[in-house]
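So the chains spell out like this:
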Amino acid sequence: MTFTLQKRDKVERLRLIEKAAVETRAIATLQTNLGKGQSREVVERAACEVSDRLNGLETALSNGDLARAARLSNRLIAISKQIGLISFAQVAGDLVGAIRNDDFVAIASISRRLIRQADATLLKALDYVNDQPS
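Residues numbered from 1 in each chain as written. Predicted model: local features only at pLDDT ≥ 70, side-chain atom pairs only at ≥ 80, totals over all residues. Heavy atoms only, no water.

Participant: Outline the overall build of the protein, supporting the account with residue identities and numerical values.
Facilitator: Tallying secondary structure elements over the protein gives five helices and zero strands in all. The helix and strand sequence of the protein, counted from the amino end, reads α-α-α-α-α. By the burial criterion, 36% of the 134 residues in the protein qualify as buried. For the protein, the computed accessible surface area is about 8600 Å², with 50% contributed by carbon and sulfur atoms. (Helix = DSSP H or I, 4+ residues; strand = E, 2+ residues; numbered from the N terminus. Buried < 20%, exposed > 50% of the residue type's maximum accessible area, 1.4 Å probe, protein only. Areas by Shrake-Rupley, 256 points an atom, 1.4 Å probe, with all protein chains shown as cover.)

Encoded structure:
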(Lines give C-alpha, C1' and ligand atoms only; values in the text may rest on other atoms or scores of the structure.)
Protein backbone atom coordinates (compact mmCIF):
# COMPACT_ATOMS: atom_id res chain seq x y z
CA MET A 1 0.00 0.00 0.00
CA THR A 2 1.38 3.39 -0.98
CA PHE A 3 0.42 6.73 0.48
CA THR A 4 0.76 9.97 -1.44
CA LEU A 5 0.44 13.43 -0.02
CA GLN A 6 -1.51 16.03 -1.89
CA LYS A 7 -0.01 19.51 -2.13
CA ARG A 8 -2.33 20.90 0.52
CA ASP A 9 -1.24 18.31 3.06
CA LYS A 10 1.45 19.22 5.55
CA VAL A 11 4.03 16.89 6.97
CA GLU A 12 4.51 17.47 10.67
CA ARG A 13 7.90 16.87 12.23
CA LEU A 14 7.56 15.04 15.53
CA ARG A 15 9.41 16.60 18.42
CA LEU A 16 10.12 15.25 21.85
CA ILE A 17 7.39 16.71 24.00
CA GLU A 18 8.08 14.91 27.25
CA LYS A 19 10.97 15.96 29.41
CA ALA A 20 14.06 13.83 29.45
CA ALA A 21 14.12 12.40 32.95
CA VAL A 22 17.56 11.91 34.41
CA GLU A 23 17.70 10.74 37.98
CA THR A 24 20.63 12.82 39.18
CA ARG A 25 20.77 10.81 42.43
CA ALA A 26 22.10 7.84 40.45
CA ILE A 27 24.90 9.98 39.06
CA ALA A 28 25.54 11.51 42.48
CA THR A 29 25.83 7.99 43.93
CA LEU A 30 28.36 7.13 41.24
CA GLN A 31 30.29 10.28 42.13
CA THR A 32 30.25 9.39 45.81
CA ASN A 33 31.40 5.82 45.20
CA LEU A 34 33.87 6.38 42.37
CA GLY A 35 34.86 10.00 42.57
CA LYS A 36 33.85 12.66 40.12
CA GLY A 37 36.44 11.86 37.46
CA GLN A 38 35.71 8.14 37.32
CA SER A 39 31.95 8.68 37.47
CA ARG A 40 32.25 11.00 34.47
CA GLU A 41 34.08 8.22 32.61
CA VAL A 42 31.37 5.69 33.56
CA VAL A 43 28.60 7.95 32.25
CA GLU A 44 30.52 8.71 29.05
CA ARG A 45 31.23 5.00 28.50
CA ALA A 46 27.56 4.17 29.15
CA ALA A 47 26.51 6.83 26.64
CA CYS A 48 28.77 5.20 24.03
CA GLU A 49 27.32 1.77 24.84
CA VAL A 50 23.77 3.10 24.52
CA SER A 51 24.66 4.60 21.15
CA ASP A 52 26.21 1.33 19.94
CA ARG A 53 23.24 -0.71 21.12
CA LEU A 54 20.81 1.71 19.46
CA ASN A 55 22.65 1.25 16.17
CA GLY A 56 22.44 -2.51 16.63
CA LEU A 57 18.75 -2.21 17.49
CA GLU A 58 18.04 -0.27 14.32
CA THR A 59 19.86 -2.91 12.28
CA ALA A 60 18.01 -5.76 14.00
CA LEU A 61 14.64 -4.09 13.39
CA SER A 62 15.54 -3.38 9.76
CA ASN A 63 16.41 -7.05 9.31
CA GLY A 64 13.27 -8.21 11.10
CA ASP A 65 15.31 -9.87 13.86
CA LEU A 66 12.90 -9.26 16.72
CA ALA A 67 14.66 -11.64 19.12
CA ARG A 68 17.89 -9.65 18.80
CA ALA A 69 15.96 -6.38 19.03
CA ALA A 70 14.37 -7.52 22.31
CA ARG A 71 17.77 -8.53 23.74
CA LEU A 72 19.29 -5.19 22.79
CA SER A 73 16.31 -3.32 24.25
CA ASN A 74 16.71 -5.19 27.54
CA ARG A 75 20.41 -4.28 27.59
CA LEU A 76 19.49 -0.66 26.95
CA ILE A 77 17.20 -0.78 29.97
CA ALA A 78 19.96 -2.15 32.20
CA ILE A 79 22.59 0.35 31.05
CA SER A 80 20.30 3.35 31.25
CA LYS A 81 19.05 2.51 34.74
CA GLN A 82 22.64 2.37 36.00
CA ILE A 83 23.20 6.00 35.12
CA GLY A 84 19.72 7.28 35.94
CA LEU A 85 18.13 7.56 32.49
CA ILE A 86 14.65 6.80 33.80
CA SER A 87 12.48 7.98 30.88
CA PHE A 88 14.77 6.28 28.37
CA ALA A 89 14.55 2.99 30.28
CA GLN A 90 10.75 3.25 30.31
CA VAL A 91 10.58 3.74 26.55
CA ALA A 92 12.95 0.81 26.00
CA GLY A 93 10.63 -1.26 28.21
CA ASP A 94 7.68 -0.20 26.06
CA LEU A 95 9.59 -1.43 23.03
CA VAL A 96 10.20 -4.82 24.63
CA GLY A 97 6.47 -5.10 25.30
CA ALA A 98 5.60 -4.23 21.71
CA ILE A 99 8.10 -6.81 20.44
CA ARG A 100 6.63 -9.49 22.71
CA ASN A 101 3.16 -8.70 21.35
CA ASP A 102 4.34 -8.65 17.70
CA ASP A 103 2.78 -5.19 17.40
CA PHE A 104 4.65 -3.94 14.35
CA VAL A 105 3.00 -0.53 14.27
CA ALA A 106 3.94 0.08 17.90
CA ILE A 107 7.47 -1.27 17.32
CA ALA A 108 8.04 1.26 14.54
CA SER A 109 6.63 4.13 16.57
CA ILE A 110 8.34 3.28 19.85
CA SER A 111 11.72 2.63 18.25
CA ARG A 112 11.64 6.14 16.71
CA ARG A 113 10.59 7.55 20.07
CA LEU A 114 13.47 5.69 21.73
CA ILE A 115 15.96 7.36 19.40
CA ARG A 116 14.49 10.82 20.09
CA GLN A 117 14.54 10.04 23.81
CA ALA A 118 18.19 8.92 23.61
CA ASP A 119 19.28 12.21 22.10
CA ALA A 120 17.65 14.20 24.87
CA THR A 121 18.50 12.04 27.87
CA LEU A 122 22.09 11.24 26.94
CA LEU A 123 22.87 14.91 26.40
CA LYS A 124 21.23 15.81 29.70
CA ALA A 125 23.19 13.14 31.61
CA LEU A 126 26.48 14.14 29.96
CA ASP A 127 25.80 17.82 30.65
CA TYR A 128 25.04 17.06 34.29
CA VAL A 129 28.16 14.98 34.86
CA ASN A 130 30.38 17.44 32.97
CA ASP A 131 29.02 20.40 34.93
CA GLN A 132 30.08 18.81 38.21
CA PRO A 133 33.53 20.02 39.33
CA SER A 134 36.25 17.39 39.43
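Participant: How would you summarise the pattern of salt bridges if you had to cite specific residues and measurements?
Facilitator: Within the structure shown, the criterion is met by four salt bridges. With a closest N to O distance of 3.8 Å, glutamate 49 and arginine 53 form a salt bridge. Here glutamate 49 pairs with arginine 53, and both are found in helix H2 (residues 36-62), just four residues apart, close to one helical turn. Classification of arginine 53 by relative accessible area gives partly exposed; the value is 25%. (Salt bridge = Lys/Arg side-chain N within 4 Å of Asp/Glu carboxyl O.)

Participant: Describe the nonpolar core, and please don't skip the residues or the numbers.
Facilitator: With 35 residues, the main nonpolar core has Leu54, Leu57, Leu76, Phe88 and Leu114 as its most contacted residues. Counting residues per element, the ones that place at least two in this core are helix H1 (24-34), H2, helix H3 (66-82), helix H4 (86-100) and helix H5 (104-131). (Core = buried A, V, L, I, M, F, W, Y, C linked by side-chain atoms within 4.5 Å.)

Participant: Describe the environment of glycine 97, with residues and values.
Facilitator: Here glycine 97 is to be found in helix H4. Sequence spacing of glycine 97 and alanine 70 is 27 residues, and the spatial spacing of their C-alpha atoms is 8.8 Å.

Participant: Break down H2 for me, citing the residues and quoting the values.
Facilitator: Helix length check: H2 (27 residues) gives 39 Å between terminal C-alpha atoms against 39 Å at 1.5 Å per residue, within 8%. Buried residues of H2: Ser39, Arg40, Val43, Ala46, Ala47, Val50, Leu54, Gly56, Leu57 and Ala60, and no others. Turning to H2, the residues buried within the fold contact H1, H3, H4 and H5. Glycine 64 sits one or two positions beyond H2 and adopts a positive phi of about 75°. (Expected span 1.5 Å × (residues − 1). Contact = heavy atoms within 4.5 Å.)

Participant: Residues and numbers for the packing of H4 against H5, please.
Facilitator: At a minimum axis distance of 9 Å, the contact between H4 and H5 shows a crossing angle of 165°. The angle between the axes of H4 and H5 places the two elements in the roughly antiparallel class. Relative to H5, H4 is oriented so that their crossing is left-handed. Along its contact with H4, which presents Ser87, Phe88, Val91, Ala92, Asp94, Leu95, Ala98 and Ile99, the element H5 presents Ala106, Ile107, Ile110, Ser111, Arg113, Leu114, Gln117, Ala118 and Thr121. Residue classes in the contact of H4 with H5 are distributed as eleven nonpolar, four polar and two charged. (Axes fitted to C-alpha atoms, helices over the stretch in contact; angles between N-to-C directions. Parallel < 35°, antiparallel > 145°, perpendicular 65-115°, else oblique. Left-handed = near helix turned anticlockwise from the far one by under 90°. Nonpolar A, V, L, I, M, F, W, Y, C, P; charged D, E, K, R; others polar.)

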